[in-house]
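Below, each chain spelled out in residue letters.
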Amino acid sequence: MEVKAVYKYARISAKKMRDIAQEIQGLSVSQATDILSYTPKKGAYLLNKTLKSALANAENNAELSVDTLVVKSVMVDEVRTMPRARGSANMIRKRTSHITVVLADQEG
């Protein structure tokens with residue numbers, strides 16, 4: 001069974017988040033939490049927050065055992081940039097991203 005959590009409009013670029021997301025794919029939840037806790041980057045903090053949310057969803061909503069969960073995938077998508085004020089032709093390039101963490105059982 002799969003459980004997911006989504007963090008929308010995270011105020012970090014998707015390129016910076018993808019570097020951190022690749023490190024934890026395929027690891028157990030405890031290993032991924034340890035890696036993210038000791039990584040000194042803003043993206044690691046946001047990803048750890050999303051991972052804990054997915055873990056809480058698995059524990060409370062799906063009633064899965066925390067010990068058997070594995071990080072199946074981490075997807076980081078870009079959010080579109082916003083137009084400048086009063087219909088101007090420029091864009092405001094404040095990069096944001098959507099972070100999706102999917103957890104799955106080790107057996108399944």
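Residues numbered from 1 in each chain as written. Predicted model: local features only at pLDDT ≥ 70, side-chain atom pairs only at ≥ 80, totals over all residues. Heavy atoms only, no water.

Details of helix α2 (residues 29–37)
Okay, so step 1: Listing the buried residues of α2 in full gives V29, A32, T33 and L36. Taken down its axis, α2 places every buried residue within 100° of arc, on the same side.
Okay, so step 2: In this structure, the buried residues of α2 make contact with α1 (14–24), α3 (42–60), β2 (69–78) and β5 (97–105). (Buried < 20%, exposed > 50% of the residue type's maximum accessible area, 1.4 Å probe, protein only. Helix = DSSP H or I, 4+ residues; strand = E, 2+ residues; numbered from the N terminus. Arc of directions from axis to C-beta. Contact = heavy atoms within 4.5 Å.)

Remarks on the environment of G26
Okay, so step 1: Along the chain, G26 turns up in the loop between α1 and α2.
Okay, so step 2: It is 9.5 Å that separates the C-alpha atoms of G26 and L103, two residues lying 77 residues apart in sequence.
Okay, so step 3: Setting aside chain neighbours within four positions, we find G26 in contact with V70 and V71.

Thoughts on unusual backbone geometry
Okay, so step 1: Its identity as a non-glycine residue notwithstanding, Y9 has a phi of 55°, on the positive side.
Okay, so step 2: As for its placement among the helices and strands, Y9 is situated in strand β1 (residues 2–10).
Okay, so step 3: A positive phi angle, close to 55°, is found at E63, a residue other than glycine.
Okay, so step 4: Tracing the sequence through the fold places E63 in the loop between α3 and β2.
Okay, so step 5: For E63, a relative accessible area of 67% corresponds to the exposed category.

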